[in-house]
Protein chains: 2
Amino acid sequence: MLEICLDQEGPLSWPLQIYRQIRTAIMAGSLRAGDSLPSTAELARHLAVSEDSVSAAYQWMGAEGLLECRTGASARIRTGVREVHGTGDPVAPLGLWADLPKPPARLTTAPEYDFRAGVPDTHLFPRDTWLRLLAEQLATMPPRLLVYDDPRGHADLRTSIAARLHRSRELRVRAADVLVTNGSQQAVHLVARVLLRPGDRVAVENPGYPPSRQSFTSLGAEPVGVRVDSEGLVVDEIPDDCRLVHVTPAHQFPLGVPMSLRRKLDLLAWARRRGAVIVEDDYDAELKFTERPLEPLHSLSPDGRVIYVGSFSKVLLPMLRLGFLVAPPALMPALAKAKYLTDVCTPSVEQAVLARFLADGGFADHLRALHDEYGARRGLLIDILARDFGDVLTLVPSEAGLHVTARAEHDMWPLVRAARRAGIWLYSLGDFTDPPNSAHGLLFGYGAMSVEAIEEGLRNLRAIHSQKGMK
Amino acid sequence: MLEICLDQEGPLSWPLQIYRQIRTAIMAGSLRAGDSLPSTAELARHLAVSEDSVSAAYQWMGAEGLLECRTGASARIRTGVREVHGTGDPVAPLGLWADLPKPPARLTTAPEYDFRAGVPDTHLFPRDTWLRLLAEQLATMPPRLLVYDDPRGHADLRTSIAARLHRSRELRVRAADVLVTNGSQQAVHLVARVLLRPGDRVAVENPGYPPSRQSFTSLGAEPVGVRVDSEGLVVDEIPDDCRLVHVTPAHQFPLGVPMSLRRKLDLLAWARRRGAVIVEDDYDAELKFTERPLEPLHSLSPDGRVIYVGSFSKVLLPMLRLGFLVAPPALMPALAKAKYLTDVCTPSVEQAVLARFLADGGFADHLRALHDEYGARRGLLIDILARDFGDVLTLVPSEAGLHVTARAEHDMWPLVRAARRAGIWLYSLGDFTDPPNSAHGLLFGYGAMSVEAIEEGLRNLRAIHSQKGMK
């Protein structure tokens, strides 16, 4: 039995309303396979609409496989809804995802004193230059590159990155060795996809950078935490069966110690002996506050076992999501395929903008300005820590990056919690160990704060520490 | 035996030169563990530099673990290079990557007549508006969102997309159901990572979109091609053990046929019975050239088994890499983790720009303009194909998108090859079947060409066909 009721006021056309109501009746089971519909003329008369409107609806229903329209005969419903019992599994993700922690919550307001590690000052981003270059590139980039650029990255950017790496990190690489990624996280992800089988073991630093470790876990591999001492990763403690090692040699995350050259040579020898691959995550190395070389593993490697990962997050903006990797030729075709199948390509216009910025010297100037500014903040921070926190904290020597770490004799969790309540946002060392443990150390990022804010923040922190009578 | 030779002209400081040359000697084995170095005073005198320069170099070598510096005694080399034989495996990607095809080559020049499917007109991109919104967002976005935005997507954009989907596709979804991705390719990738174990079988359309199929293969799953007929995917031929089905119901890629409602209901019932998940890739549905509803599977699904995937590639620019997925609540936490561990987040400024563009009505206006322009091109293309190619090609009915497909009685490869040599870039149906087969059909994209170019290109194509005496 068909009842159609047209809405005179709504935005939907007659054919659409007729179609919808018949469709709903079929899906609800009140019209069944074999049921006849009135002829188009009849229904049109009944609804007081044109026969064309009914015909259109019937034609759609024919195209949708719902109606058999026979010339000279009434139309007949062709299909009914099959009774289906939901015998199948409920929709659920693979089990491993339940074990992985949720991404860190986005702050809903900026902390008053932001000592978080790895947070750069967004006010130092060269906004006007960037916008000017964006307008230029959007106007001049060939249309074909706005439709489809090379999955390995925009050609000019790969060239600029190779040149920059030669100058700043002594890497002898060609543009063909560079693959542009959406930040260093994606670089690690792509490497893991190309090299790791489920169950493969991966050595990661402990304490270390949780998202790298978790990235391996999420692909079914098994990260193994390896201790870090004053010379960096303790190479002798890497299990023999690791297929990959992820390290941050220039500025170990989170401790800040550079890996000693002796340890680097040991690591390269280990990888060679075991047939393993090293992922060198140089996330912070563009900001180096020493003349000491801090030579990348990549530049010391004799046999192409090092994949170098870099990022523009700290020196431009994290949310530009621009990073890269440098890989041996044997891996590049697979990495290009993995990048293509993951997300086709990194956005091309932003790549072209960065290429220009690197090539025309703007980046080098920008980096010098950053270096001065962050150097001043870092110097002040270190001085105050030595002067006012010498009884509580011992600075870990470091030479680069956007944060320093200080070790403590006692658990700093009570101080961290009290500080956060007072608007001072700090990480503790315990946030970066696996499993998370007591916080015998603090991280002090100096990227997001002015020198005044650093002074004030540390003064407040000291006051909290004293008030609480913390040791 | 230590020989140091300083370069007076080069850019490197004395300490750096001294350090480098001793380091090189150690790595080359000409200095060995236990060897003594001259005292700082002695070496300074010998090189005619200040003792500070030598001290700095020695200190670095101490920090690098290479030198034992003892007060009152000469410094001694602490480590030598361990002889290492490369007993390990060479660096090589997993075997599955060798079997996957290379990404399509980037065109080095634009084809004169560009009939490729899925290529929009970059000249229609609203460049000035986009740049204005970019400048606004860069100036006004809170710094915290330039450092770290929600991995699920910028809040305003998720809201705008949910609202847009309700209006244009009748999806009843909340912002919380939306996850922003770097284009639809990444959406498919994330879904596959969250749901598929190695070896899991996935039903894909055949002919279909190769990068989706390959994305499943690259994660160790096993795509199974399922036939497509005039009502879309032939649901009865889906193997029972498939855990996932990837379909393009609004505009089947590459054929263009919309999936009939009858087939949609069958597919939903199948998924429910088997406990499977459907990925509905609605890549082209914003450009619809019919009043017929083409209702998304998602809007018909009673039990949350459909993941809806959308993209702004065709209606803005492919290389913006902006897309999204809509997933049931049971999957969203895992998808957010997968997105975070893949690349942290889609670039935030561009997300905020798109959110504004959607919210302030600019997008709706833009889409109307696209609709008129592409509608005119499409109409002309279809008319010419009917008029001039009726003896060779039969158009496949379609209602949406940026290309049409025409079937042929004979293999069209000779024509495709000859056309490409003459600057007419066409895809054949054989490019999208698995395994690739003879080309009994052609795709005609109308996104990248003016009406004049379409007329001229088809005239030339007809001439090539006639000259060659092709059937």
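Rules and cut-offs
- Residues numbered from 1 in each chain as written.
- Chains lettered and ligands numbered in written order.
- Predicted model: local features only at pLDDT ≥ 70, side-chain atom pairs only at ≥ 80, totals over all residues.
- Heavy atoms only, no water.
- Salt bridge = Lys/Arg side-chain N within 4 Å of Asp/Glu carboxyl O.
- Buried < 20%, exposed > 50% of the residue type's maximum accessible area, 1.4 Å probe, protein only.
- Helix = DSSP H or I, 4+ residues; strand = E, 2+ residues; numbered from the N terminus.
- Pairing = 2+ DSSP bridges.
- Contact = heavy atoms within 4.5 Å.
- Axes fitted to C-alpha atoms, helices over the stretch in contact; angles between N-to-C directions.
- Disulfide = S-S within 2.5 Å.
- Phe/Tyr/Trp six-rings, centres within 6.5 Å; stacked < 30°, edge-to-face > 60°.
- Lys NZ or Arg CZ within 6 Å of the ring centre and 35° of its normal.
- Least-squares fit on C-alpha atoms with pLDDT ≥ 70 in both.
- Parallel < 35°, antiparallel > 145°, perpendicular 65-115°, else oblique.
- Nonpolar A, V, L, I, M, F, W, Y, C, P; charged D, E, K, R; others polar.
- Polar contact = N/O pair within 3.5 Å; in protein donor to acceptor, adjacent residues only side chain to side chain.
- Domains from an automatic or database assignment.
- Right-handed = clockwise from strand over helix to strand, strands pointing away.
- Expected span 1.5 Å × (residues − 1).
- Buried area = accessible area lost by both parts, 1.4 Å probe.
- Core = buried A, V, L, I, M, F, W, Y, C linked by side-chain atoms within 4.5 Å.
- pLDDT = per-residue confidence, 0-100.
- Patch = residues over 30% accessible without salt bridge, like charges linked within 9 Å, V, L, I, M, F, W, Y side chains within 5 Å.
- Areas by Shrake-Rupley, 256 points an atom, 1.4 Å probe, with all protein chains shown as cover.
- Lys, Arg positive; Asp, Glu negative; His and termini not counted.
- Charge placed at Lys NZ, Arg CZ, Asp CG, Glu CD.

Draft legend 1. Structural view of the pattern of salt bridges. Residues and elements named next belong to chain A. In this structure the tally under the stated criterion is 58 salt bridges over all chains. Arg 174 is the salt-bridge partner of Asp 177, the closest N and O atoms lying 2.7 Å from each other. On the basis of relative accessibility, which here comes to 9%, the residue Asp 177 falls in the buried class. Across the pair Asp 343 and Lys 339 runs a salt bridge, and its minimum N-O distance is 3.0 Å. Taken together, the residues span about one helical turn, with Asp 343 and Lys 339 both in helix H12 (residues 332-343) at a distance of four residues. Across the pair, Lys 339 and Asp 343 agree in class, each one buried.

Draft legend 2. Summary view of the sheet that holds strand E8 (residues 242-247) of chain B. All names here are of chain B. Pairing is mixed across the open sheet formed by eight strands, whose spatial order is E4-E11-E10-E9-E8-E5-E6-E7. On the outer flanks of this sheet lie strand E4 (178-181) and strand E7 (232-233), each paired with one strand and no other. Here two bridges tie strand E6 (residues 222-229) to E7, and the two strands are oriented antiparallel to one another. Along E7, the bridge assignment pairs Val 228 with Leu 233. Seen against the sheet, helix H7 (residues 155-169) touches E4, strand E10 (306-311) and strand E11 (323-326) and runs at an angle of roughly 110° to E4. Each of E4 and E11 is contacted by helix H12 (residues 332-343), which is oriented at about 20° to E4, the strand it contacts most.

Draft legend 3. Region of interest: the state of the cysteines. All chains considered together, the criterion is met by zero disulfides over all chains. Take B:Cys345: it sits in no disulfide, and the sulfur closest to it among the cysteines is that of A:Cys345, at 18 Å. Take B:Cys345: its relative accessible area is 1%, and that puts it in the buried class.

Draft legend 4. Up close: the packing of aromatic side chains. What the rule picks out here adds up to 26 aromatic pairs over all chains. Ring geometry for B:Phe357 and B:Phe363: centres 6.1 Å apart, planes at 85°, overall edge-to-face. Every member of this aromatic cluster is reached through a ring pair, and the members are A:Phe125, A:Trp130, A:Tyr308, A:Phe312, A:Phe324, A:Phe357 and A:Phe363. Residue placement shows A:Arg420 over the ring face of A:Trp425; its charged tip is 4.6 Å from the ring centre.

Draft legend 5. Structural view of the sheet that holds strand E16 (residues 441-445) of chain A. Residues and elements named next belong to chain A. If you walk across this open sheet you meet the four strands as E12-E13-E16-E15, and the pairing is antiparallel. The open sheet has two free edges, formed respectively by strand E12 (393-395) and strand E15 (427-428), since each of these has just one partner strand. Pairing analysis gives three bridges linking E12 to strand E13 (residues 403-408), with the strands arranged antiparallel. Across the sheet, residue Leu 393 finds its bridge partner in E13, namely Ala 408. Relative to E13, helix H14 (residues 362-388) is tilted by about 10°, and along the sheet it contacts E12, E13 and E16.

Draft legend 6. Examining the relation of the copies chain B and chain A more closely. Between chain B and chain A, which share one sequence, the superposing operator has a rotation angle of 180° and an axial displacement of 0.0 Å; the RMSD is 0.1 Å. Those values place the two copies in the arrangement expected of a two-fold rotation axis. Relative to the rotation axis, the closest C-alpha in chain B is found at B:Leu131, a distance of 3.9 Å. Counting the interface residues of chain B, we find that 100% of their copies in chain A are interface residues as well, pointing to one common contact surface.

Draft legend 7. Quick look at the packing of H12(A) against helix H8 (residues 183-195) of chain B. Across the interface, H12(A) lies against H8(B) with an axial gap of 5 Å and an inter-helix angle of 95°. Between H12(A) and H8(B), the angle falls in the class roughly perpendicular. Here A:Tyr340, A:Leu341, A:Thr342 and A:Asp343 of H12(A) lie close against H8(B), whose contacting residues are B:Gln185, B:Gln186 and B:His189. Across the contact of H12(A) with H8(B), the residue classes break down as two nonpolar, four polar and one charged.

Draft legend 8. The arrangement of the side chain of A:His154 in detail. Residue and element names in this part refer to chain A. By the secondary structure assignment, His 154 is in the loop between helix H6 (143-147) and helix H7 (155-169). Within the local environment of His 154, its side chain forms a polar contact with the side chain of Asp 149, the two groups lying 2.8 Å apart. In this structure His 154 touches Met 141, Leu 145, Asp 149, Gln 351 and Ala 352, once residues within four positions along its chain are discounted.

Draft legend 9. Broad picture of the environment of B:His465. All names here are of chain B. In this fold, His 465 is placed in helix H16 (residues 451-467). On the basis of relative accessibility, which here comes to 3%, the residue His 465 falls in the buried class. The spacing of His 465 and Leu 415 is 50 residues in sequence and 6.4 Å in space, taken between C-alpha atoms.

Draft legend 10. Here's a closer look at the domain arrangement of chain A. Split into domains, chain A comes out as domain 1 (14-77) and domain 2 (142-360). Put simply, the middle of domain 1 of chain A and the middle of domain 2 of chain A, counted by C-alpha atoms, are 62 Å apart.

Draft legend 11. Quick look at the pairing of E6(B). Residues and elements named next belong to chain B. Sheet topology places strand E5 (residues 201-206) next to E6; six bridges connect them, and they run parallel. The residue bridging Asn 206 from the neighbouring strand is Arg 227, located in E6. Each parallel crossover has a hand, and for E5 linked through helix H9 (residues 210-218) to E6 it is right-handed. Where E6 folds back onto E7 in an antiparallel hairpin, the turn is made up of two residues.

Draft legend 12. Representation of the environment of B:Gly379. Residue and element names in this part refer to chain B. Position of Gly 379 relative to the elements: it lies in helix H14 (residues 362-388). Judged by relative accessible area, which is 28%, Gly 379 ranks as partly exposed. C-alpha separation for the pair Gly 379 and Phe 289, spaced 90 residues apart in sequence, amounts to 9.8 Å.

Draft legend 13. Layout of helix H1 (residues 14-28) of chain B. Its 15 residues give H1(B) an end-to-end C-alpha distance of 21 Å, which sits within 8% of 21 Å, the value for a rise of 1.5 Å per residue. For H1(B), the full list of buried residues reads B:Pro15, B:Leu16, B:Gln17, B:Ile18, B:Tyr19, B:Arg20, B:Ile22, B:Arg23, B:Ala25 and B:Ile26. Along its buried surface, H1(B) packs onto helix H10 (261-274) and helix H11 (297-300) of chain A together with helix H2 (40-47), helix H3 (51-63) and strand E2 (76-77) of chain B. Where H1(B) starts, the residue carrying a side-chain oxygen 3.3 Å from the main-chain nitrogen of B:Leu16 turns out to be B:Ser13. Looking at the residues trailing H1(B), positive phi occurs at B:Gly29, about 85°.

Draft legend 14. Spotlight on the interface of chain B and chain A. Taken together, the 121 residues of chain B in the interface contact 121 residues of chain A. Roughly 10,700 Å² is buried in total at the junction of chain B and chain A, and carbon and sulfur atoms are behind 61% of that figure. In this assembly, chain B and chain A are joined by ten salt bridges. Here chain B is connected to chain A by 51 residue pairs in polar contact (both at pLDDT 80 or more). By residue class, the composition of the side of chain B that touches chain A is 66 nonpolar, 24 polar and 31 charged.

Draft legend 15. Geometry of the nonpolar core. One finds A:Phe444, B:Trp130 and B:Phe444 to be the most contacted residues of the largest nonpolar core, which totals 136 residues. Filtering out sequence-adjacent residues up to four positions away, A:Phe444 remains in contact with A:Phe115, A:Leu381, A:Leu385, A:Leu393, A:Leu402, A:His403, A:Val404, A:Ala406, A:Leu426, A:Leu458 and A:Leu461.

Draft legend 16. Local environment of the confidence of the model for chain A. The predicted model of chain A has a mean per-residue pLDDT of 93, with 97% of residues at 70 or higher. Here the complex is predicted with pTM 0.95, and the ipTM for its interfaces comes to 0.95.

Draft legend 17. A negative patch on the surface, seen in detail. All names here are of chain A. A cluster of like negative charges, contributed by Glu 112, Glu 452, Glu 455 and Glu 456, occupies part of the molecular surface. For Glu 456, the location among the structural elements is in helix H16 (residues 451-467). Overall, Glu 456 belongs to the partly exposed group, its relative accessible area being 35%.

Draft legend 18. Fine view of unusual backbone geometry. With omega at 5°, the peptide bond leading from A:Asn206 into A:Pro207 counts as cis. Mapped onto the fold, A:Pro207 is located in the loop between strand E5 (201-206) and helix H9 (210-218). Despite not being glycine, B:Leu294 has its phi angle at roughly 50°, a positive value. Position of B:Leu294 relative to the elements: it lies in the loop between strand E9 (277-281) and helix H11 (297-300). Residue classification places B:Leu294 among the buried residues on the basis of a relative accessible area of 2%.

Draft legend 19. Examining helix H15 (residues 413-421) of chain B more closely. All names here are of chain B. If you check which residues of H15 are buried, you get Leu 415, Val 416, Ala 418 and Ala 419. Residues of H15 that are buried make contact with strand E14 (424-425), strand E15 (427-428), strand E16 (441-445) and H16. Positioned one or two residues after H15, Gly 423 has a phi angle of 85°, which is positive.

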